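Inside the fold
Below are the chains, spelled out letter by letter.
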Amino acid sequence: MSKEKKLNGTVIVTYRCNAHCTMCNRYKAPSRPEEEISIETIRKLPPMYFTNITGGEPFIRDDLEEIVEELSKLSDRIVISTNGFFTDRILKLTERFPKVGIRISIEGLEETNNEIRGLPDGYRRGYETLKQLRARGMKDVGFGMTVQDRNAPDLVPLYRLSDELGMEFATASLHNSFYFVENKNVIHDRPMVAEHFEGLVNELLNSGSPKKWFRAYFNHGLINYIYGQNRLLPCDMAFDTFFIDPYGDVMPCNGTKEKKVMGNLNTQSWDELWNSGQADKVREFVRHCDRNCWMIGSVSPAMHKYILKPALWVVAHKLKFWKKKKYSMYELQCCRDYRDGKLTKEMCDQRSTCDMLTEAEDGRIFSAINM
């Protein structure tokens, strides 16, 4: 790999988690502390322009500060995804590393969040952590929400709360994969959920922030995704983006049904792994993958790489706003077809990643790629 080329990386430091989310069974298949990725392995990672540290719950690891210290030498920007429960640990780490971003998963307003995340007092703890970070002058802080039937009505109110606090607001929808140890996630009332996404898209387009205008495009893509349609942008995972799990396995992403492994950094050098025949087999798999995931880990790099399409969409919709015409989810053919009976719930379910008949993998045993 060229020394000059920086990648987009996600480091899953643990599969241990203190939350019991309804859409994620990872807490049932945790990693053991002694087998989790070591500082020595982290030092072998390549230069990155962006690194997401995630889990499980990253702040369960006692050596997270050491991990951040090493990644700070390799990455231009670091963001940690957390449920925000361990307030004291988060404040301590950000005092030492004030440039690190923090994204706290909040799945709706208080009652909804606590029901979905299975974490007693989780909303209050997460919200208080965010407020304390903001009070200390941290700018790169925000919410992360996985939108589903149960919490869709809270989507716009939660965005407005984040906007009032001057915080970032990230969204996702239900996915199935080995990472979530789940195959049965599915949106049941797609028009209802899409309508709330439509409301968010209009809030974002109505803002004065170009960054939010492009987030509107991302949420437009989430509507397309929940109807089981092809991705709006190509997926280049494993080409300029990677994930590494607690076991040292380097993967293209966290969205595959079975874990696809390019190599193991515990036993290989980065160049050996990245340029291996196994890595090329995984890249070939990615080129033919039909899961059509729309998660920020794969979409953000694609939006930068294929900037013209989202940029033209943004320009067109800002022009509409200036003419007092709002965004409509019915701009998407799939929404019109669903409304008109040409696309049914059953057809969307079949095109989704939901598989009611198969038990989910947990990523301990990876899938061999035979092309």
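Scroll up to find the structure this text is about.
Residues numbered from 1 in each chain as written. Predicted model: local features only at pLDDT ≥ 70, side-chain atom pairs only at ≥ 80, totals over all residues. Heavy atoms only, no water.

With that settled, consider the sheet that holds strand β1 (residues 7-12). Spatially, 9 strands are ordered β6-β5-β4-β3-β2-β1-β7-β8-β9 in an open sheet, and the strand pairing comes out mixed. Strand pairing shows two members of the sheet lacking a second neighbour, β6 (168-173) and β9 (263-264), which therefore form its edges. Against the sheet, helix α5 (residues 122-135) makes contact with β4 (101-105) and β5 (141-147), and its axis sits at roughly 150° relative to β5, the strand it touches most. (Pairing = 2+ DSSP bridges. Helix = DSSP H or I, 4+ residues; strand = E, 2+ residues; numbered from the N terminus. Contact = heavy atoms within 4.5 Å. Axes fitted to C-alpha atoms, helices over the stretch in contact; angles between N-to-C directions.)

A separate point is the nonpolar core. The tendency in soluble globular proteins is for nonpolar side chains to be buried as a group. In this structure, Leu45, Leu71, Ile80, Ile102 and Tyr227 are the most contacted members of the largest nonpolar core, which totals 110 residues. Setting aside its immediate chain neighbours within four residues, Ile80 contacts Asn52, Ile53, Pro58, Phe59, Leu64, Val68, Leu93, Val100, Gly101, Ile102 and Arg103. (Core = buried A, V, L, I, M, F, W, Y, C linked by side-chain atoms within 4.5 Å. Buried < 20%, exposed > 50% of the residue type's maximum accessible area, 1.4 Å probe, protein only.)

Here the focus is the pairing of β1. With 6 of its 6 residues buried, β1 lies for the most part within the structure. Side chains Leu7, Gly9 and Val11 project from β1 onto one buried face, and the interleaved Asn8, Thr10 and Ile12 project onto a second face that is buried too. The pairing of β1 with strand β2 (residues 48-54) spans 6 bridges and is classified as parallel. Counted as the bridge partner of Asn8 is Phe50 from β2. Looking at chain direction, β1 and strand β7 (residues 241-244) are connected through 4 bridges and run parallel. Bridge assignment links Val11 to a residue of β7, and that residue is Ile244.

So, about the packing of aromatic side chains. To describe a pair of aromatic rings, one takes the distance between the centres and the angle between the planes. In this structure the tally under the stated criterion is 15 aromatic pairs. For the pair Phe85 and Phe86, a centre-to-centre distance of 5.8 Å together with 85° between the ring planes defines the contact as edge-to-face. Residue classification places Phe85 among the buried residues on the basis of a relative accessible area of 17%. For Phe86, a relative accessible area of 17% gives the class buried. Through a chain of ring-to-ring contacts, the aromatic side chains of Tyr217, Phe218, Trp294, Trp313 and Tyr327 assemble into a single cluster. (Phe/Tyr/Trp six-rings, centres within 6.5 Å; stacked < 30°, edge-to-face > 60°.)

Let us now look at the packing of helix α7 (residues 190-205) against helix α12 (residues 308-322). Remark: α7 packs on α12, axes separated minimally by 10 Å, with the N-to-C direction vectors making an angle of 85°. Classified by the interaxial angle, the pair formed by α7 and α12 is roughly perpendicular. For the pair α7 and α12, contact is made by Val201, Asn202 and Leu205 and by Trp313, His317, Lys318 and Phe321, respectively. Residues that form the contact of α7 with α12 fall into these classes: 4 nonpolar, 2 polar and 1 charged. (Parallel < 35°, antiparallel > 145°, perpendicular 65-115°, else oblique. Nonpolar A, V, L, I, M, F, W, Y, C, P; charged D, E, K, R; others polar.)

Another aspect to go through is the pairing of strand β3 (residues 78-82). Within β3, 4 of the 5 residues are buried, which leaves it mostly tucked inside the rest of the structure. Handedness of the crossover joining β2 and β3 through helix α2 (residues 64-72) is recorded here as right-handed. Bridging between β3 and β4 involves 4 bridges; their strand directions are parallel. Bridge pairing in β4 places Thr82 opposite Ile104. For the crossover that starts at β3, traverses helix α3 (residues 87-96) and ends in the parallel β4, the hand is right-handed. (Right-handed = clockwise from strand over helix to strand, strands pointing away.)

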